[in-house]
Amino acid sequence: MKKVYEIIFSPTGHSKKAAELIAGELIAGELRGQKKTVDLCLPGDEERETAIEAGSICVFSAPCYGGRVPQTAAERILKRIKAPQGKEKIPAIICVTYGNRAFEDALLELADLVEKAGFRVAAAAALVAEHNIVHEFAAGRPDEKDEQQIRAFAAKARQFLNEGAESGLKKGAESGLAIPGNRPYKTWKASAPDIIVDKSTCVYCGMCALKCPTAAISKDGQRVDRGKCIGCMRCLAICRSRSLPPAYVSGLREKIAPACQGRKENLFFLPSDACK
Ligand SMILES: Cc1cc2nc3c(=O)[nH]c(=O)nc-3n(C[C@H](O)[C@H](O)[C@H](O)COP(=O)(O)O)c2cc1C
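Since this is a predicted model, take the numbers as computed values, not measurements.

Moving on, we get to the environment of N132. Of note, N132 is situated in the loop between strand 7 (120-128) and helix 4 (144-163). Distance in space between the C-alpha atoms of N132 and L236 is 9.5 Å, their sequence separation being 104 residues. Each residue touching N132, except ones within four places of it in the same chain, is listed here: T12, G99, M233 and A237.

Burial analysis of strand 4 (residues 57-63) places seven of its seven residues in the buried class, the great majority of the element. Across the two faces of strand 4 the burial is the same, with I57, V59, S61 and P63 and C58, F60 and A62 all buried.

Looking now at the site of the ligand. Taken together, 25 residues sit near the ligand, with H14, S15, P63, G99 and R101 positioned nearest. In the shell around the ligand, the residues fall into ten nonpolar, 13 polar and two charged. Formed jointly, the shell around the ligand draws a minimum of three residues from each of two domains, domain 1 (3-185 + 265-275) and domain 2 (196-243).

Looking now at the nonpolar core. Judged by nonpolar contacts, the single largest core of 67 residues is most densely connected at I22, L110, V114 and A124. Tallying contributions element by element places strand 7 first for this core, with eight residues. When residues no more than four places from it in sequence are discounted, the contact partners of A124 are I94, C95, L107, A111, L177, I179 and F269. I195, A216, V224 and L236 belong to the second-largest nonpolar core, a separate cluster that totals ten residues.

Moving on: the domain arrangement of the protein. On domain assignment, one finds that the protein holds domain 1 (3-185 + 265-275) and domain 2 (196-243). Just the C-alpha atoms count here: the centres of domain 1 and domain 2 sit 28 Å apart. Listed as interface residues are eight residues of domain 1 and, on the opposing side, nine residues of domain 2. The residue makeup of the side of domain 1 that touches domain 2, split by class, is five nonpolar, three polar and no charged.

Close contact between helix 2 (residues 71-80) and helix 3 (residues 106-116) brings their axes to 9 Å; oriented N to C, the two are set at 20°. On the basis of their axis angle, the class for helix 2 and helix 3 is roughly parallel. Where helix 2 crosses over helix 3, the handedness of that crossing is right-handed. On helix 3, the residues touching A74, I77 and L78 of helix 2 are L113, V114 and K116. Per-class residue counts for the contact of helix 2 with helix 3 are five nonpolar, no polar and one charged.

Attention now goes to unusual backbone geometry. With an omega of 5°, the peptide bond running from R141 to P142 counts as cis. You can see P142 is positioned in the loop between strand 7 and helix 4. The omega torsion of the bond from R183 to P184 falls at -5°, within 30 degrees of zero and hence cis. Inspection of the secondary structure assignment puts P184 in the loop between helix 5 (166-175) and strand 8 (196-197). At Y204, a position not held by glycine, the phi torsion is positive, near 55°. In this fold, Y204 is placed in the loop between strand 8 and helix 6 (207-211). Positive phi is not limited to glycine here, since A215 has a value of about 50°. Positionally, A215 belongs in the loop between helix 6 and helix 7 (234-238).

Calculation rules
- Residues numbered from 1 in each chain as written.
- Predicted model: local features only at pLDDT ≥ 70, side-chain atom pairs only at ≥ 80, totals over all residues.
- Helix = DSSP H or I, 4+ residues; strand = E, 2+ residues; numbered from the N terminus.
- Contact = placed C-beta atoms within 7 Å.
- Buried ≥ 20, exposed ≤ 12 C-beta atoms within 10 Å, placed from the backbone.
- Near = placed C-beta within 6 Å.
- Nonpolar A, V, L, I, M, F, W, Y, C, P; charged D, E, K, R; others polar.
- Domains from an automatic or database assignment.
- Core = buried A, V, L, I, M, F, W, Y, C linked by C-beta atoms within 7 Å.
- Axes fitted to C-alpha atoms, helices over the stretch in contact; angles between N-to-C directions.
- Parallel < 35°, antiparallel > 145°, perpendicular 65-115°, else oblique.
- Left-handed = near helix turned anticlockwise from the far one by under 90°.

In structure tokens:
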């Protein structure tokens, strides 16, 4: 029985959904295995390591922030995900989601990280998902068409892995897959936006603090440690009492609008034999 690991960093759920679609297809198909989810967003889990079982398959999924993998995700993959020692490297299917602007170096960076962590990148995808700050960009995506494409991609990767047509897959990101991006990666630094808390509707439930991936919010939800906040939008996604200053959103909208026009298509990278 193959085990499929979903290893996700997904503050607002799009990268999680992508991983679930891929892992679901791997499990539904001939591999018939069990699924295990490793959520790298859970606060307070910083020291928890996951030893990946030999003979399994991993799906790594994370969002693109400023054309990069969020630094928190990168650190947690390297620190907490332990590939089995041995000659045969575990195959990894990797994906980044991005909000219809651009993914720039994020997929290449994720490929490099996953290989550094001891896996081999078997297939990769850059997937469009609703922009979680300026929601009108890629609103409603992934949609039905995206989901079909993602499943078809996972099915091809599964077929390739099952057939043991490993020649292409073993080469990994460096030689097997034409993943776009540059090294050194572009420079981007996370910054914490101001977050408005509507005190007339906040019930002080503390959920925002509990769910914050970097433990940046005080227990009562009223204060944000700007040194820790990575601006991931999770607290806004789970609570209607929290919002961004309208001027921040409109400024970003104006800045990225030219690059966000039109429907961007998902990109899939498979060893050439699997693309036929
Ligand atoms: C801090 C931050 C930076 C972002 N940078 C980009 C970007 O460079 N390009 C882009 O197209 N979308 C960008 N987005 C949008 C997210 O990549 C997109 O909504 C993603 O699907 C969110 O994933 P999640 O739901 O798994 O958290 C950014 C979002 C945030 C919060």
